[in-house]
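# Fold and geometry: a report
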Amino acid sequence: MKRTILTITLCIAFTALTIACGNNVPRQTEPVTTEKQIESSSEEPSTDISETLRKIETGDQVLSAIKNYCFANNPELEDMVKSGDYTIYWEIESSTDNQVVVLFRSYTGAELRYYIDSVSGDTYVTEFVKGITDGEQRTEETFNAWDYVDEK
């Protein structure tokens with residue numbers, strides 16, 4: 001019985017102290033501005049507005065970016081294309097305001113599709129191999145097409 005009364009008393013005391021301490025916190029009505037904040041707010045943003053509004057506009061730009069990406073990740077591919085001995089091609093499969101899909105037909109017969117966000121350049125890849133996969137399967141491969149637009 002003494003233990004129960006002691007537990008209840010301690011709970012009440014703890015609750016009262018918690019409530020009392022919570023009410024003594026001063027409320028801030030205006031944000032405090034430090035010297036560091038004033039310095040940083042006077043600086044101009046480093047990002048050019050034209051850069052944030054850029055968009056992959058042309059099919060040539062998209063195809064060039066995807067080819068450059070493929071050549072960067074498989075240097076022998078460029079020689080294979082030039083030789084003409086292999087069936088390798090890239091084509092724009094679809095295009096909307098927000099997304100362009102480029103089909104790459106590999107020398108192995110695999111079909112890779114690059115789904116490119118026209119503004120951000122974020123790209124993911126799917127793969128389809130006739131007779132092996134049951135349709136397009138998304139791979140873990142991702143990159144930004146803008147990193148490959150201006151190469152060469």
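For the structure itself, look to the data block above.
Residues numbered from 1 in each chain as written. Predicted model: local features only at pLDDT ≥ 70, side-chain atom pairs only at ≥ 80, totals over all residues. Heavy atoms only, no water.

### A closer look at the layout of surface pockets
Space inside the largest pocket adds up to approximately 210 Å³. For the largest pocket, the lining is made up of 13 residues, of which C70, N74, F104, L112 and Y114 are closest to its centre. At the level of secondary structure, the elements contributing two or more residues to the lining of the largest pocket comprise α4 (59-73) and β3 (111-117). Residues of the lining of the largest pocket, tallied by class, amount to eight nonpolar, four polar and one charged. (1 Å grid on protein atoms, 1.4 Å probe; cavity = no way out; pocket = protein on both sides within 12 Å on 5 of 7 lines; lining within 4 Å. Points joined across faces, edges and corners; volume = space filled by probe spheres on them. Helix = DSSP H or I, 4+ residues; strand = E, 2+ residues; numbered from the N terminus. Nonpolar A, V, L, I, M, F, W, Y, C, P; charged D, E, K, R; others polar.)

### Looking at the side chain of N144
Residue placement: N144 occurs in strand β5 (residues 137-144). With relative accessibility at 18%, the residue N144 sits in the buried group. Engagement of the side chain of N144 in a polar contact is seen with the backbone oxygen of S120, the distance being 2.9 Å. Those residues within four positions of N144 in sequence are excluded, and the remaining contacts are S120, G121 and D122. (Buried < 20%, exposed > 50% of the residue type's maximum accessible area, 1.4 Å probe, protein only. Polar contact = N/O pair within 3.5 Å; in protein donor to acceptor, adjacent residues only side chain to side chain. Contact = heavy atoms within 4.5 Å.)

### Description of the pattern of salt bridges
Scanning the model with the defined rule gives three salt bridges in all. Close ionic contact of E78 with K82 constitutes a salt bridge, the shortest N to O distance being 3.9 Å. Taken together, the residues E78 and K82, both in helix α5 (residues 76-83) and four residues apart, mark about one turn of the helix. Taking the relative accessible area as the measure of exposure, E78 reaches 23% and is therefore partly exposed. Here R113 and E111 are joined by a salt bridge, their closest N and O atoms 3.2 Å apart. Ionic contacts of the salt-bridge type, sharing partners, join the residues E93, E111 and R113 into one network. (Salt bridge = Lys/Arg side-chain N within 4 Å of Asp/Glu carboxyl O.)

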